[in-house]
Amino acid sequence: MSATVFDKRTEPVTDDAATATPRPRRAIRRRLGPGRPLPYGWALGPLLLLVLWAVGSGAGLIDARNLPAPWTIAGTTGSLIADGRLQSHLATSAQRALLGLAFGVAAGLLLAVVSGLSRLGEGLIDGPVQIKRAIPSLALIPLLILWFGIGETMKVITIALGVFVPVYIHTHNGLRTIDNRYAELAETVRLSRLQFVRHVVLPGALPGFLLGMRFAVTAAWLSLVVVEQVNATSGIGYMMELARTYGQTDIIIVGLVVYGLLGLVSDALVRLVERRTLSWRRTLAN
């Protein structure tokens, strides 16, 4: 008869079982991060809003005079596309937004580099930028109208002023948070100022710059909404203002949907660039 031994659980086992290799317990790994990215996860929130809107309209919970049903908006959109009005206004709005975005990003990036690499530059630039940050760009519209009139120049400048502040703030912060050891290493290998900017400063500031770009594209569309309702003769904002005059709520909603889609697509493009250029980083977003 084989001898009997007792394991820690006080269960009788034989000698053969006692000498056998113990089976390893399966390690239970708990994921503390957000998990894997969902395919088209960015569309879940807008789709949920659309479903709630459709259900509320179909059930009669939403007054059609205040907020027309989604199918009514779709029909109005089709009519605006058929007569070419939506495409024409959209082209004008996109041109204004892109011009303002280009000038604002260039100004914000240049000022951030000068301020971030020079104490004198920071003293001269950072204070005025912080003052501008505290003053909404839209509050400057009356003054800009007096200076530049009511033409395209005023509109583009207003958009640029709304864009350059977030680009400056986040790029400047990205510059100042670069590890000082990289600067010491650059001095050790005798990099020139231009090489230091190219190989250390710009790559180190890139995450902050791209974050600023996400705020900048949103600011561009927000500024555009307002400036196109100030003595404009074309653009999505002008179309909405004209619809307000005639009580055409459906056209106003179409304009809001277009603005929302433009902002969503713009942000998605910046995030795509961010994922491609910063693919070396291991973060919760990966």
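A. The side chain of Ser223, seen in detail. For Ser223, the position within the fold is in helix α9 (residues 193-227). By relative accessible area, which is 5% here, Ser223 ends up buried. Not counting residues within four places of it along the chain, the set of residues in contact with Ser223 comprises Leu138, Thr158, Ile159 and Gly162.

B. Focus on the packing of helix α4 (residues 85-117) against helix α10 (residues 236-245). The interhelical angle for the contact between α4 and α10, taken along N-to-C directions, is 130°, at an axis separation of 7 Å. Of the possible angle classes, the one that applies to α4 and α10 is oblique. Every residue of α10 that contacts α4 at Leu86, His89, Leu90 and Ser93 is listed here: Ile236, Tyr238 and Met239. Grouping the constituent residues of the contact of α4 with α10 by class yields 5 nonpolar, 2 polar and no charged.

C. Region of interest: helix α11 (residues 249-277). With 29 residues, α11 extends 42 Å between its outermost C-alpha atoms, agreeing within 8% with the 42 Å of an ideal straight helix rising 1.5 Å per residue. All of the buried residues along α11 are Ile251, Ile253, Val254, Gly255, Val258, Tyr259, Gly263, Ser266, Asp267, Val270 and Glu274. Among the structural elements, α2 (44-58), α3 (70-82), α4, α9 and α10 are those in contact with the buried residues of α11.

D. Examining α9 more closely. Look at α9: only 41 Å from first C-alpha to last across 35 residues, short of the 51 Å you get at 1.5 Å a residue. The largest bend along α9 measures about 50° and falls at Leu206, with the proline Pro207 one to four residues further on.

Rules of the game
Residues numbered from 1 in each chain as written. Predicted model: local features only at pLDDT ≥ 70, side-chain atom pairs only at ≥ 80, totals over all residues. Heavy atoms only, no water. Helix = DSSP H or I, 4+ residues; strand = E, 2+ residues; numbered from the N terminus. Buried < 20%, exposed > 50% of the residue type's maximum accessible area, 1.4 Å probe, protein only. Contact = heavy atoms within 4.5 Å. Axes fitted to C-alpha atoms, helices over the stretch in contact; angles between N-to-C directions. Parallel < 35°, antiparallel > 145°, perpendicular 65-115°, else oblique. Nonpolar A, V, L, I, M, F, W, Y, C, P; charged D, E, K, R; others polar. Expected span 1.5 Å × (residues − 1). Bend = angle between axes of the 7 residues up to and from the residue.

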